[in-house]
Amino acid sequence: MKNSTTADAIIIGGGVMGASTAYHLASRGQRNIILLEKEEYFGTGATGRCAGGIRYQFGTEVNVRLSLLSLPMLDRFHDEIGQDISLRKMGYLFLLTLPEEVQIFKHNVEMQNRLGAQTQWLSGDEIRKMVPLMRLDDVLAGSFNPMDGLVDPNSVVMGYIGAAQRLGVKTLTSSPVVSISIQSGNVTAVETPSELFYAPVVVDATGPWSAQTGAMVGLPVPVTPIRRQWLTTSAIPELPPDFPFVIDFARSLYFHTEGPGLLTGMSNPNQASGYDQNIDPDWELVHMEAAIDRLPLLEHVGLASRLAGLYEVTPDAHPIFGKTPIDGYYIVTGFSGHGFMHGPIAGKLMAEIILDGQASSMDISMLDYARFTEDRLIHEYNVV
Ligand SMILES: Cc1cc2nc3c(=O)[nH]c(=O)nc-3n(C[C@H](O)[C@H](O)[C@H](O)COP(=O)(O)OP(=O)(O)OC[C@H]3O[C@@H](n4cnc5c(N)ncnc54)[C@H](O)[C@@H]3O)c2cc1C
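Let me sum up the structure you'll find in this document. (Residues numbered from 1 in each chain as written. Predicted model: local features only at pLDDT ≥ 70, side-chain atom pairs only at ≥ 80, totals over all residues. Heavy atoms only, no water.)

1. Some remarks on the site of the ligand
For the ligand, the set of nearby residues contains 38 residues, the closest of which are E37, A46, T47, E312 and G339. Here an oxygen atom of the ligand sits 3.0 Å away from a polar atom, N or O, in the main chain of M17. Here an oxygen atom of the ligand sits 2.5 Å away from a polar atom, N or O, in the side chain of T47. If you list the elements that add at least two residues to the shell around the ligand, you get α1 (16–27), β14 (224–233) and β18 (303–313). Here the shell around the ligand gets 4 residues from one element, more than from any other, and that element is β18. A per-class count over the shell around the ligand returns 18 nonpolar, 14 polar and 6 charged. (Near = heavy atom within 4 Å. Polar contact = N/O pair within 3.5 Å; in protein donor to acceptor, adjacent residues only side chain to side chain. Helix = DSSP H or I, 4+ residues; strand = E, 2+ residues; numbered from the N terminus. Nonpolar A, V, L, I, M, F, W, Y, C, P; charged D, E, K, R; others polar.)

2. A look at unusual backbone geometry
Although it is not a glycine, S184 adopts a positive phi angle of roughly 50°. Of note, S184 is situated in the loop between β10 (179–183) and β11 (186–191). S184 gets classed as exposed once you look at its relative accessible area, which sits at 78%. Phi at D375 takes a positive value of approximately 60°, unusual for a residue other than glycine. When you line up the elements, D375 lands in the segment after α9 (343–356). By relative accessible area, D375 is classed as exposed at 72%. (Buried < 20%, exposed > 50% of the residue type's maximum accessible area, 1.4 Å probe, protein only.)

3. What to know about the side chain of D248
Counting through the fold element by element, D248 comes out in strand β15 (residues 245–248). A relative accessible area of 1% means that D248 is categorised as buried. Looking at D248, its side chain comes within polar contact range of the side chain of R251, at 2.9 Å. Setting aside anything within four residues of it in sequence, one finds D248 in contact with L95, L253 and R294. (Contact = heavy atoms within 4.5 Å.)

4. Some thoughts on the pattern of salt bridges
Scanning all chains against the criterion turns up 19 salt bridges. R227 is the salt-bridge partner of D276, the closest N and O atoms lying 3.3 Å from each other. Here R227 lies in strand β14 and D276 lies in the loop between β17 (261–266) and α8 (281–294), a separation of 49 residues in the sequence. Where R294 meets D248, a salt bridge forms, and the shortest distance between an N and an O atom there is 2.8 Å. One end of the pair, R294, is in helix α8; the other, D248, is in strand β15, with 46 residues separating them in the sequence. (Salt bridge = Lys/Arg side-chain N within 4 Å of Asp/Glu carboxyl O.)

In structure tokens, the structure reads:
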């Protein structure tokens, strides 16, 4: 016989989404919550492997609005949660090399400005002046937002976990959910190999593993795990302290300072889906060739570390929030490679949906689960 416990809500997954949801539910007064993480530590999934970038620059209004609410929560994080998160604002600089990108980004910058994000439009020459270490002769134009930057993902997860614990949330590691029970269309319990947890509310916050979790309740969750990887270099004394987070958009190639060196990643457009989190050495060679082409001094630096993780990709590159056809079963997943920065507001919105019946901080009705069956997909251009 397994031990059994009863809770008001169970959250499955201890990445940024689960941790933020647990904290925000508890801060609204719901204290009998249990968060279950399959691994030995919290935040070892996508969140712990992410590049830590935070930005206002997106191609759809709903993503910009998520950033307009979420990034200020990171500004306030230390005061509210009591955890330093190594917030640095050096700005994201998008490099555009194709005429069609220029048109779309110009439109996006206007939209971002209209919503209140301070993104600037830059000419190719202005960009060449801004980052003289880079080879940029083919850059036509670009966009820069000085309020974009970097945050340490593990500090955010552990900040939320610690704050949730202080509010009474029970957080368990090494607790993989292996089955979920439904009775008469309502979720009733989840099970790990050693315990049974009864609750009328269950939240799937399992990121890249959400399709597997959905399968436990017979719910098709259109989230595909896609491997992405990056590496860091040895010290590069030539890098100025204000070196921006640079994205070569056409190549999905990015760079930002990391300690005394640089972190660089590039998305493989042909990466097959799957749960493999090992480095692909062949792609690393392609990536390094492109990175050296953009930043020639990389030819002379050493490798410090490398990591691969999984993007949690939906068919329209937008997240899935809220209720599902199963009563009491909620979902917060599918942020498609830029979810870390939206984790703070996502948890708050989930608390509103669960406790009040709908989100009130902003309108996210278009990000519902039903859009996939009702042909209401969203188009996002700025996916890196
Ligand atoms: C290489 C890389 C770079 C990235 N760069 C950025 C960036 O710069 N900026 C940004 O905003 N985003 C970035 N992202 C995306 C970001 O990491 C994700 O969108 C975000 O972390 C998703 O959070 P999550 O909580 O949904 O998923 P996760 O962090 O993966 O959390 C899900 C958790 O659920 C657990 N779990 C799964 N199944 C079960 C189960 N059955 N029982 C119990 N627990 C379970 C997992 O172990 C995991 O800890 C990047 C991602 C990668 C891979």
